[in-house]
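# Overview (structure and organization)
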Amino acid sequence: MKKKLLFTGLVVVAVLVIVLLVLPRGQKALPEKIVVGSSADFAPFEYVDEITGELKGFDLDLMRAIGEELGMEVEIKNVAWDGIIPGLLSGNYNVIASGLTITEERQEVVNFTDPYINAGQVIVVRAGDDSITSPADLAGKKVAVQVNTTGDLKATEMMEEEGIAITEIRRFNNAPDAFLELMNGGVEAVVIDLGVAGEQFKATPGIYQMAGEPFTVEEYGFALRKSDTELLEKINAALVSLRSKGVYDEIYERYFGN
Ligand code: ARG
């Protein structure tokens, strides 16, 4: 009898030990729904439809499709660009979908999904201004950027490391404000993502032009907290199947087709 009790006790302890060892290693459970943080000032990737007030854009439709693919609800929060990563880290949302370029610096604090689209920085000037055709021509000029974007980073690098004597970098909280500053003559150039420049040309024809070719190669990824490894894997898998089902192309056409 005593032996039997001892044996039962040992089994219970063994099971407990196994459970305790295995559980913490298991991945963090999936959240109930995908809450997305996006700075909707970046058409055609994320923006507010002026008429309906709806949140639209390539990134957001792609996230919605990912949610459908995973059978998870998607809620999108329109948040300020500056501080979008701290907002993720403090738990205000669990995914950033905001034209966010994958950079090494950001990879130190967040995980990125596989890249979902290519991008690059371009210089935009006022229509008819042919004095700027490459980054070197920004010497002696004022430049507008969205604060803490890769455009800001690049312009700052040119000025501080590459010896291009940019007179001043004006940093704006919203991307459209940088374009307004250019239109109003406050600066001579904007450094911004190619896709957003292209959309601006469509929206306000005859006001701006592109100066030269894109001068960086970048990729956008969705960003998650480092601890959310299971959701990361799920989103990556969903991206693969949305591409193979043609849903990705459909969304791409919606925003980049002619
Ligand atoms: N791709 C650039 C970056 O990651 C700009 C992104 C700006 N996004 C936005 N929704 N305003 O820095």
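Everything discussed here concerns the structure shown above.
None of these values were measured; they are calculated from a predicted model.

In this section: the pattern of salt bridges. Going through the model one piece at a time under the given rule, you end up with 11 salt bridges. Here E69 makes a salt bridge to K245, at a shortest N to O gap of 2.8 Å. Highlighted residues: E69 in helix α2 (residues 58-70) and K245 in the loop between α8 (229-244) and α9 (247-256), separated in sequence by 176 residues. By relative accessible area, E69 is classed as partly exposed at 29%. Of the residues examined, K245 reaches a relative accessible area of 54% and is grouped as exposed. Measuring nitrogen to oxygen at the nearest pair gives 3.9 Å for the salt bridge that ties E199 to K202.

So, on to the site of the ligand. Close contacts around the ligand come from 15 residues, with D41, G99, R106, T150 and D193 the closest. With respect to the ligand, the backbone of G99 contributes an N or O atom lying 2.8 Å from a nitrogen atom. Considered on its own, the ligand offers 350 Å² of accessible surface; in the complex 100% of this is hidden by protein. When its residues are assigned to classes, the shell around the ligand shows 4 nonpolar, 7 polar and 4 charged.

Tracing the backbone shows D59 in helix α2. We note that D59 is buried and unpaired, the nearest opposite charge coming from R243 at a distance of 11 Å. Not counting chain neighbours up to four residues away, the residues in contact with D59 comprise F45, E46, A97, S98, G99, Y116 and F222.

Ranked by size, the top nonpolar core spans 45 residues in total, and within it L62 and I192 carry the most contacts. Excluding residues within four positions of it along the chain, I192 makes contact with F42, G120, Q121, V122, V124, A175, F179 and A197. Counting 14 residues, the second-largest nonpolar core is a separate cluster that includes V125, L138, I169 and A211.

All chains considered together, the criterion is met by 12 aromatic pairs. Ring centres of F42 and F45 lie 6.2 Å apart, and the angle between their planes is 35 degrees; this geometry places the pair in the tilted category. For F45, a relative accessible area of 2% translates into the label buried. These aromatic residues form a ring-pair network of at least three members: F42, F45, F58, Y116, Y220, F222, Y248, Y252 and F256. For the cation-ring pair, R243 lies above Y248, with the distance from its terminal atom to the ring centre recorded as 4.3 Å.

Moving on, we get to α8. Taking 1.5 Å per residue, 16 residues should reach 22 Å; α8 reaches 23 Å between its end C-alpha atoms and fits that length. Contacts from the buried residues of α8 go to β1 (34-38), α2, β6 (95-96), β7 (110-112), β15 (223-225) and α9. G246 sits one or two residues past α8 and shows a positive phi near 85 degrees.

Rules used throughout
- Each residue is numbered by its place in its chain's sequence as written, counting from 1.
- Per-residue local features are limited, in this predicted model, to residues with pLDDT of at least 70; the limit for side-chain atom pairs, both in listing and counting, is 80 or more; totals at the level of whole chains, interfaces and linings are taken over all residues.
- Computation of side-chain values covers all heavy atoms of the structure but excludes hydrogens and water.
- The salt bridge definition used is simple: a Lys or Arg side-chain nitrogen within 4 Å of an Asp or Glu carboxyl oxygen.
- The helix count covers DSSP runs of H or I at least four residues long, the strand count covers runs of E at least two residues long, and both are numbered beginning at the N terminus.
- The rule is simple: take the accessible area with a 1.4 Å probe, protein chains only, and divide by the maximum for that residue type; under 20% is buried, over 50% is exposed, in between is partly exposed.
- Any residue with a heavy atom positioned within 4 Å of a molecule or strand is treated as near that molecule or strand.
- Counting of polar contacts relies on pairs of N or O atoms within 3.5 Å, with two restrictions inside protein: one atom must be capable of donating a hydrogen and the other of accepting it, and residues adjacent in sequence are counted only when both atoms are side-chain atoms.
- Calculation of accessible area relied on Shrake-Rupley with a 1.4 Å probe; when residues are assessed, cover is drawn exclusively from the protein chains displayed.
- Basically, the charged four are Asp, Glu, Lys and Arg, the nonpolar ten are Ala, Val, Leu, Ile, Met, Phe, Trp, Tyr, Cys and Pro, and anything else, Gly included, counts as polar.
- Counted as positive: Lys and Arg. Counted as negative: Asp and Glu, with His and the chain ends omitted from the count.
- Residues count as neighbours in contact if any of their non-hydrogen atoms are within 4.5 Å of one another.
- As used here, the term nonpolar core means buried Ala, Val, Leu, Ile, Met, Phe, Trp, Tyr and Cys residues forming a set that is joined through side-chain atoms within 4.5 Å.
- Each Phe, Tyr or Trp ring, with Trp reduced to its six-membered ring, pairs with another whose centre is within 6.5 Å; inter-plane angles below 30 degrees give stacked pairs, above 60 give edge-to-face pairs, and intermediate values give tilted ones.
- Placement of a charge over a ring requires the Lys NZ or Arg CZ to be within 6 Å of the ring centre, with the centre-to-atom vector within 35 degrees of the ring normal.
- Here the expected length of a helix is defined as 1.5 Å per residue gap, with one fewer gap than residues.

Fair warning: the whole summary comes from geometry, so function is off the table for now.
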